[in-house]
Amino acid sequence: MELIETTRQALELLVSGDSGLWRIVWVSLKISVGALILISPLAIAAGYLLATQSFPGRRLIVVITQALFAFPTVVVGLLLYMLLSRQGPLGSLQLLFTQTAMMIGQMLIAAPILVAFTLSAVQGADPRVRETAIVLGAGRLRTALTVLGEVRFGVMAAVFNGFGRVISEVGCALMVGGNIAGMTRNMPTAIALETTKGEFAQGVALGIVLMALALGVNFAMSWAQGAGAQRQ
Amino acid sequence: MIHLCRLISIISALGFVLGLAANNAVARDLRLATTTSTDNSGLLRFLLPRFEAAHAITVRVISVGTGKALKLGENGDVDAVLVHSRPDEDRFIAQGHGVNRRDVMYNDFVIVGPAGDPAALRGGRDAIEAFARIADMQASFVSRGDDSGTHKMEVRYWVELGIQPTENAGYRAAGRGMGEVLLMASELSAYALTDRATYYAMKDKLDLQILVEGDTRLFNPYGAMAVNPAKYSDINFDDAMRFIEWLTSAQGQQAISEFKIDGKQLFFPNAAR
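Residues numbered from 1 in each chain as written. Chains lettered and ligands numbered in written order. Predicted model: local features only at pLDDT ≥ 70, side-chain atom pairs only at ≥ 80, totals over all residues.

**Q** Can you lay out the overall build of chain A for me, pointing to particular residues and giving the numbers?
**A** Helix and strand counts for chain A come out as 11 helices and zero strands. In sequence order, chain A lays out its α and β elements as α-α-α-α-α-α-α-α-α-α-α. For chain A, the spread of C-alpha atoms along the three principal axes comes to 65 × 45 × 25 Å. Here chain A holds 232 residues, and the buried ones make up 40% of them. (Helix = DSSP H or I, 4+ residues; strand = E, 2+ residues; numbered from the N terminus. Buried ≥ 20, exposed ≤ 12 C-beta atoms within 10 Å, placed from the backbone.)

In structure tokens:
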């Protein structure tokens, strides 16, 4: 019975536009979207270079990138915490327990996913696209943009996948953000907090938003992959 | 022959299941929901072995904020509760969720802050005045913000002052345990309200000093109560009563006063005899 009652309260919160609740959603989106906007160009470029260039140590970097997939987010949080702590090497920046720290954490978590997905998308592209572009006299940048445009659905899938991972990530966000109300409290850390308080309604409401987002992103990703597959 | 084999296996399976059930009934653990302060400070690790040795009962501790601890009791997820927020405890009893509430002990709270002490609180003995100064100076303050007993105590001070703490730009509601809040206050050079036990347990890791102490309003009484057996028939009520009886006995009270960190007594027994 409690489950039904809690869900009813959660829906009420969502419909009534509870300001505290939507503030948390806003903080979440701002940090995660911001992190992806900042890291995506860099990571996509790295993935493209790894797919198209050959240089010593390339294989090793690819293996490391794939291994970083499984890097626990709490360890990212721990390392970042020690770096940003007042006693840490970057302590003077006073970034610990800020949105910036959370954004850095999410960039680190998303980067390997973006690199690896872009890498395999570019490798899967028709090699003639790149050859043709070069033959037609396109410069390096022009060639890269042409190839990436060709595999844009794969790249989009990479970005969606990275977003799905960081929007629901709790370990790193809690450690370097500190779950401060109105500042660094995002959806996952708020849900964790509400549960320890025994206040389930807001937790369930945020859980609904989070699941809707995750499902939406997954649908978008399937669509991107489906659209990509049809073209080839 | 095949039938016989099947019969034997069915009987042994039945026996196994019954044996498990019987075993369960004999060796039921006592589930205790309590606050992070009793667990983090090491008090429970000191007390429970003594109780367990005296009664051959295993205690499983779930350490959460006062709000959650009472919720666990209300839902019948635990057998006994040991918390510190008197108004909530009284409501818990009045609503029929628990019985046999007993005073157990108290500890005291202190206001800690950075050595620089921007709001000049050092040496003060009035908690309310200290809070007023923090608000006046717009000084950084890290709040538990998690509905715990400590948070409720802090909120009572702001209410008494008629101040909305969130209007202070330096106010941070962390929504985390005492240990995390102290670390955060240390990192941010901010003030915080903490129980003395957790502060002493973590002192070496903190750039924080005790600035205000000794106000009777900072005394923090703990109460123990059993979850109402009339609500949940499967609750381990007998062991819960034995635990509360032991905590408030001469033996239990003596043990509480013997618990020390760095030679300092942190909890003071006050059970009514």
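**Q** How would you summarise the domain arrangement of chain B if you had to cite specific residues and measurements?
**A** Residues and elements named next belong to chain B. We note that the domain assignment places domain 1 (8-107 + 220-269) and domain 2 (108-218) within chain B. With 19 residues of domain 1 in contact, the opposing surface of domain 2 contributes 17 residues. When contributions to the side of domain 1 that touches domain 2 are tallied by element, the ones reaching two or more residues are α2 (36-40) and α4 (66-74). Of all the elements, α2 adds the most residues to the side of domain 1 that touches domain 2, at three residues. In terms of residue class, the side of domain 1 that touches domain 2 is made up of four nonpolar, 13 polar and two charged. (Domains from an automatic or database assignment. Contact = placed C-beta atoms within 7 Å. Nonpolar A, V, L, I, M, F, W, Y, C, P; charged D, E, K, R; others polar.)

**Q** Go over helix α8 (residues 152-167) of chain A, please, and point to the residues and values.
**A** All names here are of chain A. Between its first and last C-alpha atoms α8 spans 22 Å; for 16 residues at 1.5 Å apiece the expected length is 22 Å, and the two agree. The element α8 is largely enclosed, with a buried count of 12 among its 16 residues. Taken together, the buried positions of α8 are Phe153, Gly154, Val155, Ala157, Ala158, Val159, Phe160, Gly162, Phe163, Gly164, Val166 and Ile167. (Expected span 1.5 Å × (residues − 1).)

**Q** Can you tell me about the interface of chain A and chain B, naming the residues and giving the values?
**A** One frequent convention defines the size of an interface as the accessible area lost when the parts assemble. The partner chain B presents 16 residues to the 13 residues of chain A that form the contact. A breakdown of the residues in the side of chain A that touches chain B according to their chemical character gives five nonpolar, five polar and three charged.

**Q** Run through the nonpolar core, naming residues and quoting values.
**A** One finds Ala110 and Leu114 of chain A together with Ile111, Ala185 and Ala192 of chain B to be the most contacted residues of the largest nonpolar core, which totals 98 residues. In terms of residue count, the dominant contributor to this core is helix α5 (residues 99-124) of chain A (17 residues). Beyond its immediate chain neighbours, meaning those up to four positions away, Ile111 of chain B contacts Leu121, Ala127, Ala130, Tyr191, Leu193, Leu211 and Val212 of chain B. In terms of nonpolar packing, the next biggest core, distinct from the first, is built from 36 residues, Leu43, Leu47, Ala240 and Phe267 of chain B among them. (Core = buried A, V, L, I, M, F, W, Y, C linked by C-beta atoms within 7 Å.)

**Q** A description of the confidence of the model for chain B should follow, citing residues and the corresponding values.
**A** Residue and element names in this part refer to chain B. Residues at a pLDDT of 70 or more form 90% of chain B, whose mean pLDDT is 88. Here helix α1 (residues 2-26) stands out as the least confident element of chain B, with mean pLDDT 50; strand β5 (residues 141-143) is the most confident, with 97. Here residues 14-26 is modelled with pLDDT under 50, and outside its nearest four sequence neighbours on either side it reaches zero contacts, counting other chains as well. The complex prediction reports pTM at 0.73, with the ipTM value standing at 0.71. (pLDDT = per-residue confidence, 0-100.)

**Q** Could you give me a rundown of unusual backbone geometry, with the residues and numbers involved?
**A** Residue and element names in this part refer to chain B. Despite not being glycine, Asp117 shows a phi value in the positive range, around 45°. Considering the arrangement of structural elements, one finds Asp117 in the loop between β4 (98-113) and α6 (127-136). The phi torsion at Asp262 lies on the positive side, around 55°, for a residue other than glycine. Examined against the element boundaries, Asp262 turns out to sit in the loop between β10 (260-261) and β11 (264-265). Judged by local crowding, Asp262 falls into the exposed class, with 8 C-beta atoms found within 10 Å.

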